[in-house]
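Each chain is listed here by its residues.
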Amino acid sequence: MKSNYKPIGEFIQLVDNRNSELKNLPLIGVTVNKKFIPSVANTIGTNMKNYKLIKKNQFACSLMQVRRDGKIPVALMKEDEAIISQAYPVFEIVDTSKLLPQYLMMWMSRSEFDREACFYAVGGVRGSLEWEDFCDMKLPIPSIEKQKEIVKEYHTITDRIRLNEQLNKKLEETAQAIYKEWFVDFEFPNEEGKPYKSSGGKMVYCDELDIEIPKGWEVSNIANQIEYKKGYAFKSIDYVDSGVSIVRVSNLTHNSININECYFIDTNQAEEYKQYKLKTNDIIIATVGSWANNPASVVGKVIKVPIIANGFLLNQNTVRLRTKDNRLQEYLYQHLKTKQYSEYVITGAQGSANQASVTLNHLFEYSFLVPDNNVIQKLYTTFNAINTKINIMNKENNSLLKLKEILLSKMATIEG
């Protein structure tokens with residue numbers, strides 16, 4: 001251990017300020033991803049005076065089940081004030097002229113920090129970490145000037161990642177707005193570039209959908225428009241520390257893939273399963289999960305494969321979709337993301353609220369509109385331009401995330 005390593009406990013102290021004045025503040029919790037999120041706890045009839053206050057530059061953590069989760073849920077408060085459950089230890093740095101809160105948070109974001117915490121965790125399989133053991137964990141304490149330099153470099157990276165994510169969100173919202181305008185309101189550009197329906201475009205009644213649709217458009221079920229592949233049941237004994245990533249249901253986020261939580265299979269062995277490889281913009285649907293009460297793992301969740309997951313392998317309880325006409329891929333994705341389709345999926349889901357499943361027949365029997373060739377080409381050109389920009393920023397963020405991990409790993413070698 002280098003001489004500049006010091007126990008965390010030398011620099012922090014517990015804080016226990018209660019919400020005795022019943023302030024109307026956000027109720028938050030801490031995730032294993034080391035972030036604060038709005039709490040989903042049912043507080044009806046709860047005495048909110050017992051909840052703790054947490055202020056800017058203070059920390060909250062959970063030392064329970066550290067070994068089971070493989071991480072310490074800990075986060076640095078960036079907002080002015082909030083309330084949090086009394087179950088969370090809240091702490092602060094005693095002297096910020098010796099240790100910056102942002103620097104400490106960087107250290108606690110390292111995977112090596114979590115592994116060390118798991119080593120010290122006690123209490124059976126779930127493994128809790130005692131507060132004293134947490135305080136005994138050490139970190140390098142360089143000069144405050146060096147800390148500021150490291151934090152500035154780190155924030156330069158994370159700010160750029162956040163900006164790219166915000167830009168991507170706006171692009172995704174733009175794609176959704178275009179989908180609604182063109183395929184719900186039927187105001188796609190006609191041959192003169194004017195909105196079709198409001199410019200007198202010919203509409204005909206569709207018995208199957210019980211609505212008027214543009215003339216020349218057809219109704220098809222999903223099965224007739226796609227080629228699909230179910231995920232493979234990979235065995236946990238084949239997982240290795242690095243190689244080709246495997247995408248499981250638990251890796252599916254709201255509209256993408258959490259690549260940081262993927263398991264791996266040996267690169268050579270992965271060649272045996274190349275038929276399960278994913279390509280950029282593939283559509284994945286979760287065929288097993290919970291009911292809609294749990295958005296984190298809901299059955300029927302639909303995501304689009306980002307460019308950074310190109311070449312990954314697909315695990316069981318999922319299905320991969322590719323439209324036969326690749327120009328329809330984004331259109332189908334936008335349609336499957338609608339509330340209308342998610343509600344349809346739930347009508348065919350079987351099982352309990354916590355473990356439901358849906359058949360491929362049900363997923364693919366769904367009927368939707370297929371535009372005429374001219375509109376297909378226009379939408380492909382429009383959506384392709386949006387996807388290209390999104391993929392460029394996703395690639396940049398992937399590189400920035402790697403750079404961030406390198407910076408965090410180098411903290412262990414910092415000298416004063």
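Preceding this paragraph is the structure being described.
## Considering the overall build of the chain
Secondary structure summary: the chain contains ten helices and 25 strands in total. Dimensions of the chain along its principal axes, counting C-alpha atoms only, are 75 × 55 × 45 Å. Split into buried and exposed, the 416 residues of the chain put 46% on the buried side. The contacts of the chain with a sequence gap of at least 6 include a subset with a gap of at least 24, amounting to 77%. Taken as a whole, the chain presents about 22,000 Å² of accessible surface, with 49% of it coming from carbon and sulfur. When the 52 basic and 49 acidic side-chain charges of the chain are each reduced to a single mean position, those positions are 2 Å apart.

## Structural notes on the environment of L25
Positionally, L25 belongs in the loop between β2 (12–15) and β3 (27–30). For the pair L25 and N164, spaced 139 residues apart in sequence, the C-alpha separation works out to 30 Å. Sequence-distant contacts of L25, that is, excluding residues within four places in its chain, are made with L53, E81, A82 and I83.

## So, the packing of aromatic side chains
Throughout the structure, instances matching the rule amount to 25 aromatic pairs. The interplanar angle of 5 degrees and the centroid separation of 4.9 Å between the aromatic rings of F59 and F91 together place this pair among those described as stacked. Taken together, the residues span a long stretch of sequence, with F59 in strand β6 (residues 59–61) and F91 in strand β9 (residues 90–93) at a distance of 32 residues. By relative accessible area, which is 0% here, F59 ends up buried. When the ring of F113 is compared with that of F134, the centres are 6.5 Å apart and the planes differ by 85 degrees; the resulting orientation is edge-to-face. Separated by 21 residues along the polypeptide, F113 in helix α3 (residues 111–120) and F134 in helix α4 (residues 131–136) bring together distant segments of the chain. In this pair, the class of F113 matches that of F134, namely buried.

## Description of the pattern of salt bridges
Counted under the stated rule, the structure contains 16 salt bridges. With a closest N to O distance of 4.0 Å, E271 and K277 form a salt bridge. On the accessibility criterion, K277 (32% relative accessible area) is partly exposed. Here K304 makes a salt bridge to E330, at a shortest N to O gap of 3.0 Å. With a gap of 26 residues between them, K304 in strand β20 (residues 302–304) and E330 in helix α7 (residues 329–336) connect regions that are remote in the sequence. Of the two residues examined, K304 and E330, each falls in the buried class.

## Remarks on the sheet that holds β2
Paired through their backbone hydrogen bonds, the strands of a sheet run either parallel or antiparallel. On the basis of which strands lie adjacent, the open sheet formed by four strands has the order β2-β9-β6-β7 and antiparallel pairing. Pairing within the sheet leaves two strands with one partner each, and these edge strands are β2 and β7 (74–76). Taken pair by pair, the neighbouring strands of this sheet meet at an average axis angle of 30 degrees, ignoring direction. Here four bridges tie β2 to β9, and the two strands are oriented antiparallel to one another. Within the sheet, the bridge partner assigned to I12 lies in β9 and is I93. Across the sheet, helix α2 (residues 101–108) touches β2, β6, β7 and β9, and the angle it forms with β7 is around 155 degrees.

## Here we look at the sheet that holds strand β4 (residues 36–38)
An order of β4-β3-β8-β5 is seen for the four strands of this open sheet, with the pairing classed as mixed. Each end of this open sheet is capped by a strand with a single partner; those strands are β4 and β5 (52–55). Sheet twist, expressed as the mean angle between neighbouring strand axes with direction ignored, is 50 degrees. When β3 meets β4, the two strands line up antiparallel, connected through three bridges. Across the sheet, the residue bridging to V30 is F36, located in β4.

## Details of the nonpolar core
Counting residues in hydrophobic clusters, the biggest one holds 47 residues, and the most contacted among them are I222, I285, L321, L336, Y341 and L363. When residues in this core are grouped by element, the largest group, seven residues, is from helix α10 (residues 373–410). When near neighbours in sequence (up to four residues on either side) are disregarded, L321 contacts I222, I226, E227, D282, I283, I285, Q329, L332, L336 and F364. By size, the runner-up hydrophobic cluster in this structure holds 43 residues, among which are M106, W131, Y154 and M411.

## Here's the deal with unusual backbone geometry
Excluding glycine, residues mostly have negative phi values, and the peptide bonds linking residues are mostly trans. The backbone of L22 sits at a positive phi, close to 50 degrees, despite the residue not being glycine. Summarising the element assignment, L22 is placed in the loop between β2 and β3. Here the phi dihedral of K34 falls at roughly 65 degrees; this positive angle occurs in a residue that is not glycine. Checked against the element boundaries, K34 lands in the loop between β3 and β4.

Quick notes on the rules
Residues numbered from 1 in each chain as written. Predicted model: local features only at pLDDT ≥ 70, side-chain atom pairs only at ≥ 80, totals over all residues. Heavy atoms only, no water. Helix = DSSP H or I, 4+ residues; strand = E, 2+ residues; numbered from the N terminus. Buried < 20%, exposed > 50% of the residue type's maximum accessible area, 1.4 Å probe, protein only. Contact = heavy atoms within 4.5 Å. Areas by Shrake-Rupley, 256 points an atom, 1.4 Å probe, with all protein chains shown as cover. Lys, Arg positive; Asp, Glu negative; His and termini not counted. Charge placed at Lys NZ, Arg CZ, Asp CG, Glu CD. Phe/Tyr/Trp six-rings, centres within 6.5 Å; stacked < 30°, edge-to-face > 60°. Salt bridge = Lys/Arg side-chain N within 4 Å of Asp/Glu carboxyl O. Pairing = 2+ DSSP bridges. Axes fitted to C-alpha atoms, helices over the stretch in contact; angles between N-to-C directions. Core = buried A, V, L, I, M, F, W, Y, C linked by side-chain atoms within 4.5 Å.

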